[in-house]
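# Residue-level structural notes
Below, each chain spelled out in residue letters.
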Number of protein chains: 2
Amino acid sequence: MKSIAQRLRVRGRVRLRDWDPRDTPGASDPDRAAKRMRTNLERIDDLQYRLHAEGRQSLLIVLQGMDTSGKDGLIRHVMTAFNPQGCNIWPFKVPTAEEAAHDFLWRIHHAAPPAGEVAIFNRSHYEDVLVPYVHRLLGSGEIEERYRIINRFEAQLAERGTRVIKLFLHISRKEQRERLLARLDHPLKRWKFSEHDLSERASWRRYERAYEAALTRCSTDHAPWHIVPADHKWYRDFAVAAIVTDALAEMDPRVPKMRLPLARLKARLLR
Amino acid sequence: MKSIAQRLRVRGRVRLRDWDPRDTPGASDPDRAAKRMRTNLERIDDLQYRLHAEGRQSLLIVLQGMDTSGKDGLIRHVMTAFNPQGCNIWPFKVPTAEEAAHDFLWRIHHAAPPAGEVAIFNRSHYEDVLVPYVHRLLGSGEIEERYRIINRFEAQLAERGTRVIKLFLHISRKEQRERLLARLDHPLKRWKFSEHDLSERASWRRYERAYEAALTRCSTDHAPWHIVPADHKWYRDFAVAAIVTDALAEMDPRVPKMRLPLARLKARLLR
């Protein structure tokens, strides 16, 4: 049976209309999926402990998706399985003046996970190909060059022992409308709403094309993209937990065996 | 009735022998304490959301304590109540060459929480008065000067809207022995053991004196120290959750009220 990661992995040319945001491959029942997810969250906790103890490999999770696709919710519901000590969340916003004065990977590289640790990128260097594509800030040759730079960068990370998992949270335009309406209706959520949400929504089709290009060009063996159907929040959380668990299990981190002079150490403690 | 924070707060001159590490002030039954703690963890989640939405104040939690006093366990069991996005954990280890080339607050100041966020220091600038005291690396005048520098620094943070909570996890020397023995006996925990644990343990009395001096000199109204009895893990977790919840509640963060043109925005979404 194919794993969730295999089912959702991008291979070859992406056309988003071939990927149904309401699909739930590998899971039909929300309650059973929630149960399997809880098991996976416990396994993530254990595997991260081993990763930390081993101190050789690291894990990088890249989250991308349209506004309201659920990046924040996913962090709240799935990524909390990680011990926060040893797991850094990096929300990448519009670059600061200092960041913008460097090449686009400068701030990204700084945030790469050290050995034994996990990093989660909430948005990422992919914004630096998506936004220029949508708003026509760079020519297509320059954007092509950035795909190559990104692929080389991610290959370097992988060679040094970093597992790179890239997740595109795929929602429909209709679902986004529902979520923006809900945000407007909720007194505690309304403050998050900005007119910018609406102007970006107006560029929906161009964002789809920008994502199709980036997912097609940058899904590699060392850093594959996955398209996670995300109209159903329960499926989004379930699928991501499964992908992360499988990746960590494949990395097979091992707690170092210590040959300690146990008897002597205990004697020192007991005297 | 006095709050847990009031009971554990340092006022005046500290003598650690007056503070029993096995004490459980304000809680007698572990099960009832666990229940109250769960309620507090939910309140922390809600209050942090409001802190983030408000975007004006921030929270800094400083954790100190002897080896095995439970700083890591506390982070795992209590600090996971925070949404990891908006809560950074900073483990301060022996300074790197770059850090050591700066004044001792350089790396600390960098880690201070921005508006709307939470930072947790696992060890802190207090190592820079404790270690010199224990190992006689600085004269007493120089250490006195550092207490003053620390007090001024923390006052600055407080003036800018950062609530500073300092927690000394207080265990007995006997309890440390039990925990180090347990670490040696557990195949998955043994790797954490180092001879350094034993050499630091040999300086127990000097560490106590160093803590007594730092807690006495640096417990201020704007950044009070609390001595958390930590031989009982359930009490340690319960007490810290209570102190953090009360502090956040006192900060009273408020979600901004937005005056949005709701009807017009909805019309734009629906067309």
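Parameters and conventions
Residues numbered from 1 in each chain as written. Chains lettered and ligands numbered in written order. Predicted model: local features only at pLDDT ≥ 70, side-chain atom pairs only at ≥ 80, totals over all residues. Heavy atoms only, no water. Patch = residues over 30% accessible without salt bridge, like charges linked within 9 Å, V, L, I, M, F, W, Y side chains within 5 Å. Areas by Shrake-Rupley, 256 points an atom, 1.4 Å probe, with all protein chains shown as cover. Salt bridge = Lys/Arg side-chain N within 4 Å of Asp/Glu carboxyl O. Lys, Arg positive; Asp, Glu negative; His and termini not counted. Charge placed at Lys NZ, Arg CZ, Asp CG, Glu CD. Helix = DSSP H or I, 4+ residues; strand = E, 2+ residues; numbered from the N terminus. Least-squares fit on C-alpha atoms with pLDDT ≥ 70 in both. Contact = heavy atoms within 4.5 Å. Buried < 20%, exposed > 50% of the residue type's maximum accessible area, 1.4 Å probe, protein only.

Quick look at a positive patch on the surface now. Positive charge collects at one region of the surface, where Arg32, Lys35, Arg36 and Arg38 of chain A lie side by side. Topologically, Arg32 of chain A is positioned in helix 2 (residues 30-54).

If you rotate chain A by 180 degrees and push it 0.0 Å along the axis, it lands on chain B with an RMSD of 0.0 Å. Both copies of the chain, as the preceding transformation shows, are related through a two-fold rotation axis. Interface overlap between copies: 100% of the residues of chain A at the interface are likewise at the interface in chain B, consistent with a symmetric, same-surface contact.

This part takes up the pattern of salt bridges. In total, this model carries 44 salt bridges over all chains according to the counting rule given. Asp72 of chain A serves as the salt-bridge partner of Lys192 of chain A, at 3.8 Å between the closest nitrogen and oxygen. Of this pair, Lys192 of chain A sits in the loop between helix 8 (173-185) and helix 9 (195-202) while Asp72 of chain A sits in helix 3 (residues 71-77); the two residues are 120 residues apart in sequence, bridging distant segments of the chain. A relative accessible area of 34% places Lys192 of chain A in the partly exposed class. Look at Asp72 of chain A and you get partly exposed, because its relative accessible area is 35%. Arg264 of chain B is the salt-bridge partner of Glu195 of chain A, the closest N and O atoms lying 3.4 Å from each other. One end of the pair, Glu195 of chain A, is in helix 9; the other, Arg264 of chain B, is in helix 12 (residues 262-270), on a second chain. Overall, Glu195 of chain A belongs to the partly exposed group, its relative accessible area being 38%. When its relative accessible area of 45% is taken as the criterion, Arg264 of chain B is described as partly exposed. Here the residues in one salt-bridge network are Asp67, Arg123 and Glu127 of chain A, joined through shared partners.

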